[in-house]
Amino acid sequence: NDTRDADPCEHKWYGVRCLGGHVEHLMLQNNNLVGVIPRSLGELNALWTLDLSYNFLQGPIPKEVAKMKLVMVSIMANRINGTIPKEWCSDTATCVAYGNPLLKCQPDNCRNNHCQMEDCNCNMTCVNSNDCRGVCKTCKRSGFIGYCV
């Protein structure tokens, strides 16, 4: 049966949890998904948990998805690049993004530890490693100024 136009809540789609007829959780981890994160995810206004970890997704996070007010996002172990939206790493939201070496987080998100990555990739400037404490491991200098890594 073709369910592309079917209601994901009514038909209880795999990886979709709903409340009151609205998709609140999309948990599609480890599904061998290939391609980019679809812009249409941004239309899920009630979504607050998004788990796309352990797939083969690549490219940047679409702006339609980036502006979503999510509480929990896991995009680890993909090939996503660009910058993690600041809305995804805040006092009310956590983003787990290990395993995306081309992905960067906003400097403030690295400082408050809401952006969970193996490397901050924040491009925060530093003079010595003390400037990176609580953000990244060390200060990698290149001339007069350095970057926290």
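Keep in mind it's a predicted model, so treat the numbers as computed, not measured.

## Examining the side chain of Asn55
The residue Asn55 is located in the loop between strand 4 (49-51) and strand 5 (56-59) in this model. One polar contact links the side chain of Asn55 to the main-chain amide nitrogen of Asn31, over a distance of 2.9 Å. From its side chain, Asn55 meets the backbone nitrogen of Asn32 in a polar contact 3.0 Å long. If we skip the residues at most four places from it in the chain, Asn55 touches Leu28, Gln29, Asn30, Asn31, Asn32, Leu33, Ala77 and Asn78.

## What about the pattern of salt bridges?
According to the stated counting rule, one finds one salt bridge in the structure shown. Salt-bridge contacts for Arg39 lead to Glu64; the nearest nitrogen and oxygen are separated by 3.9 Å. In this pair, Arg39 sits in the loop between strand 3 (34-35) and strand 4 while Glu64 sits in helix 1 (residues 63-66), placing the two residues 25 residues apart along the sequence. For Glu64, a relative accessible area of 23% gives the class partly exposed.

## A short note on the pairing of strand 1 (residues 16-19)
As paired elements, strand 1 and strand 2 (residues 22-27) share four bridges and run antiparallel to each other. Within the sheet, the bridge partner assigned to Leu19 lies in strand 2 and is His22. Connecting strand 1 to the next strand, strand 2, in antiparallel fashion are two residues, including Gly20 with a positive phi near 60°.

## Considering the sheet that holds strand 3
Strands sit in the order 3-5-7 across an open sheet of three strands; the sheet is parallel. Two strands bound the open sheet, and with one partner strand each, they are strand 3 and strand 7 (79-80). With two bridges connecting them, strand 5 and strand 7 associate as parallel partners. Residue pairing for strand 7: Gly59 is matched across the bridge by Ile80.

How each quantity is defined
- Residues numbered from 1 in each chain as written.
- Predicted model: local features only at pLDDT ≥ 70, side-chain atom pairs only at ≥ 80, totals over all residues.
- Heavy atoms only, no water.
- Helix = DSSP H or I, 4+ residues; strand = E, 2+ residues; numbered from the N terminus.
- Polar contact = N/O pair within 3.5 Å; in protein donor to acceptor, adjacent residues only side chain to side chain.
- Contact = heavy atoms within 4.5 Å.
- Salt bridge = Lys/Arg side-chain N within 4 Å of Asp/Glu carboxyl O.
- Buried < 20%, exposed > 50% of the residue type's maximum accessible area, 1.4 Å probe, protein only.
- Pairing = 2+ DSSP bridges.

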